Amino acid sequence: MQTRLKTETISPPRTWAEINLSALKHNLSFVRQHSEQQVMAVLKAGAYGHGIEQIAKALDSEHLAYFGVASVIEARKLKNAKIQTPIYLLGPTFPEERQEIVEQRWVASISTLEEAQHFNSLNRGCEKLVVHITFDTGMGRGGFLPSALHSAIDQIQALPNLHLAGIGSHLPSADEDREFTLRQFSQFESAVSNCKLEYLHLSNSAGLLDYQSKVTNLVRPGLMLYGISPIARYQELLQPVMQLKSRVSLVRTLPAGHGISYGRETILKQDTRVATIGAGYGDGLPRALSGNNAEVLIRGKRCPLLGRVTMDQIMVDVSKLPVCEPGDEVELFGKQILVSEIAKKARMIPWEVLTGITPRVTRIYQ
Ligand SMILES: *Cc1c(COP(=O)(O)O)cnc(C)c1O
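Each value, and the rule that gives it
Residues numbered from 1 in each chain as written. Predicted model: local features only at pLDDT ≥ 70, side-chain atom pairs only at ≥ 80, totals over all residues. Heavy atoms only, no water. Phe/Tyr/Trp six-rings, centres within 6.5 Å; stacked < 30°, edge-to-face > 60°. Helix = DSSP H or I, 4+ residues; strand = E, 2+ residues; numbered from the N terminus. Buried < 20%, exposed > 50% of the residue type's maximum accessible area, 1.4 Å probe, protein only. UniProt positions renumbered as here; feature names shortened; annotations may be inferred. Contact = heavy atoms within 4.5 Å. Domains from an automatic or database assignment. Buried area = accessible area lost by both parts, 1.4 Å probe. Salt bridge = Lys/Arg side-chain N within 4 Å of Asp/Glu carboxyl O. Polar contact = N/O pair within 3.5 Å; in protein donor to acceptor, adjacent residues only side chain to side chain. Pairing = 2+ DSSP bridges. Right-handed = clockwise from strand over helix to strand, strands pointing away. Near = heavy atom within 4 Å. Areas by Shrake-Rupley, 256 points an atom, 1.4 Å probe, with all protein chains shown as cover. Nonpolar A, V, L, I, M, F, W, Y, C, P; charged D, E, K, R; others polar.

Asks: Whenever I open this one, the packing of aromatic side chains confuses me. Can you help?
Replies: The geometry of an aromatic ring pair is captured by the separation of the ring centres together with the interplanar angle, meaning the angle of the planes. Within the structure shown, the criterion is met by five aromatic pairs. Consider the rings of Phe185 and Tyr211, whose centres lie 5.4 Å apart with planes at 15°: the pair is stacked. Linking Phe185 in helix H9 (residues 178–192) with Tyr211 in the loop between helix H10 (205–210) and strand E9 (218–219), this pair joins segments that are 26 residues apart in sequence. Comparing Phe185 with Tyr211, the two get one shared label, buried.

Here is the structure:
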């Protein structure tokens, strides 16, 4: 028994994610310096794969207005981690979730009058429940349409057990369509500028990086907190929080004509030093990288991926390295190879790659 435990503890992970919490703090201070507004840190989807409890703990003393989450399940994780920052639910709620939301004083973003009325009746006899309204200026995912907004505000403000503390909208193409986004800003600003509410909010990362508003006073960054900019020219001001790493498990020289990986799409043109690495799509390394000139970093040098990504392993060409040995550390993405590069080669987006890192990948906090 003793020996068995010992073996387990010394067995190193094949693939792990190093999460740099000082980079996270750096990115938050950049958000504050750049936007000068209050901040809702978006922690949905396990803090974009970084680990919701750990990221929330690291940010809990930062006087943030809210932590934004996608669901009651995520909100519960924050509650169980004894987080003090108010919790904001970014999407519509189901009727059967609302009793718990009222009890926990989580902040809902209201899209319909029925939802508001239900919260109002569940909160009878208690201190007013803080809610926000979602305003649909073009995302098409939730909220009141412009024609319904003012009547919704009036009716929700008339409900005795609710306190309307804010109005938020969302930008579908702040990193793609400037003209449309500018129109959204002016529509939002003219619709809400006379509302005397604590919070008016519109911007995600791309919005806060690239647009200014005299009306909003809260921003909702997600991706950029994790050190990745949706707009390339701001990337150098941020520090990637996650580095996905693995190690070489085997190095062999394979002869010209030998096939590599499933489907044998890669046939070696010459004798090649091939390293096998213990990471695959089972860890969240996109299988779509196969055949798209992806590289990994070993001993400071980029080494090309050979053949298809398999579930637990990949093969790379290490012929250019003077030395490469089993146990060598491999950067799959991080500081030298940005997750944005990986995403682009896999025809994905960085949000998708980060949230796709699977549970078996050990997160190591630094
Ligand atoms: C996910 C999300 C954000 C954060 O978006 P990023 O592009 O990651 O900064 C902000 N607001 C809402 C409503 C969201 O759903």
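Asks: Just checking my understanding: could you explain the UniProt feature "modified residue: N6-(pyridoxal phosphate)lysine" (unreviewed entry) in the protein for this structure?
Replies: Per the UniProt annotation, the sites labelled "modified residue: N6-(pyridoxal phosphate)lysine" (unreviewed entry) are Lys44. If you trace the backbone, Lys44 turns up in helix H3 (residues 44–49). The contacts of Lys44, once residues within four sequence positions are left out, are Gly68, Val69, Ala70, Glu74 and Leu90.

Asks: What's the story with the domain arrangement of the protein in this structure? I'm lost.
Replies: Quite often, the size of an interface is put as the accessible area lost when its parts meet. According to the domain assignment, the protein contains domain 1 (21–229) and domain 2 (242–365). A straight line from the C-alpha centre of domain 1 to that of domain 2 covers 37 Å. Across the interface of domain 1 and domain 2, roughly 960 Å² is buried in total on both sides, 72% from carbon and sulfur atoms. Three residues stand out in domain 1 for area buried against domain 2, namely His50, Leu223 and Ile228, and they jointly supply 46% of the buried area on that side. At the boundary of domain 1 and domain 2, one finds zero salt bridges. Linking domain 1 with domain 2 are three residue pairs in polar contact (both at pLDDT 80 or more). For the side of domain 1 that touches domain 2, the leading source of residues is H3, giving three residues.

Asks: Honestly, the pairing of strand E3 (residues 66–69) in this entry has me stumped. Any pointers?
Replies: It is a general feature of regular strands that their side chains alternate between the two faces of the sheet. Neither face of E3 is exposed, since Tyr66 and Gly68 on one face and Phe67 and Val69 on the opposite face are all buried. Sheet analysis places strand E2 (residues 38–42) next to E3, joined by three bridges and oriented parallel. Its bridge partner being in E3, Ala41 is matched across the sheet by Phe67. Across three bridges, E3 lies against strand E4 (residues 87–89) in parallel orientation. Across the sheet, residue Phe67 finds its bridge partner in E4, namely Ile87. Note that the unit made of E3, helix H5 (residues 72–80) and E4 has a crossover that is right-handed.

Asks: Can you walk me through the UniProt feature "active site" (unreviewed entry) in the protein in this structure?
Replies: If you check UniProt for "active site" (unreviewed entry), the listed places come out as Lys44 and Tyr262 in our numbering. Look at the named residues: they lie 219 residues apart in sequence, and the longest C-alpha span between them is 34.9 Å, so in the fold they stay spread out. Along the chain, the position of Tyr262 falls in the loop between strand E11 (259–260) and strand E12 (266–267).

Asks: Just to check I follow, could you spell out the site of the ligand for this structure?
Replies: Around the ligand, the surrounding shell holds 13 residues, and the nearest of these are Lys44, Tyr48, Ser205, Gly222 and Leu223. Contacts to the ligand include Arg141, whose side-chain N or O atom sits 3.0 Å from an oxygen atom. Take Ser205: an N or O atom from its side chain is 2.5 Å from an oxygen atom of the ligand. Bound to the protein, the ligand loses 91% of the 390 Å² it would expose on its own. Looking at the shell around the ligand residue by residue, the classes come out as six nonpolar, four polar and three charged.

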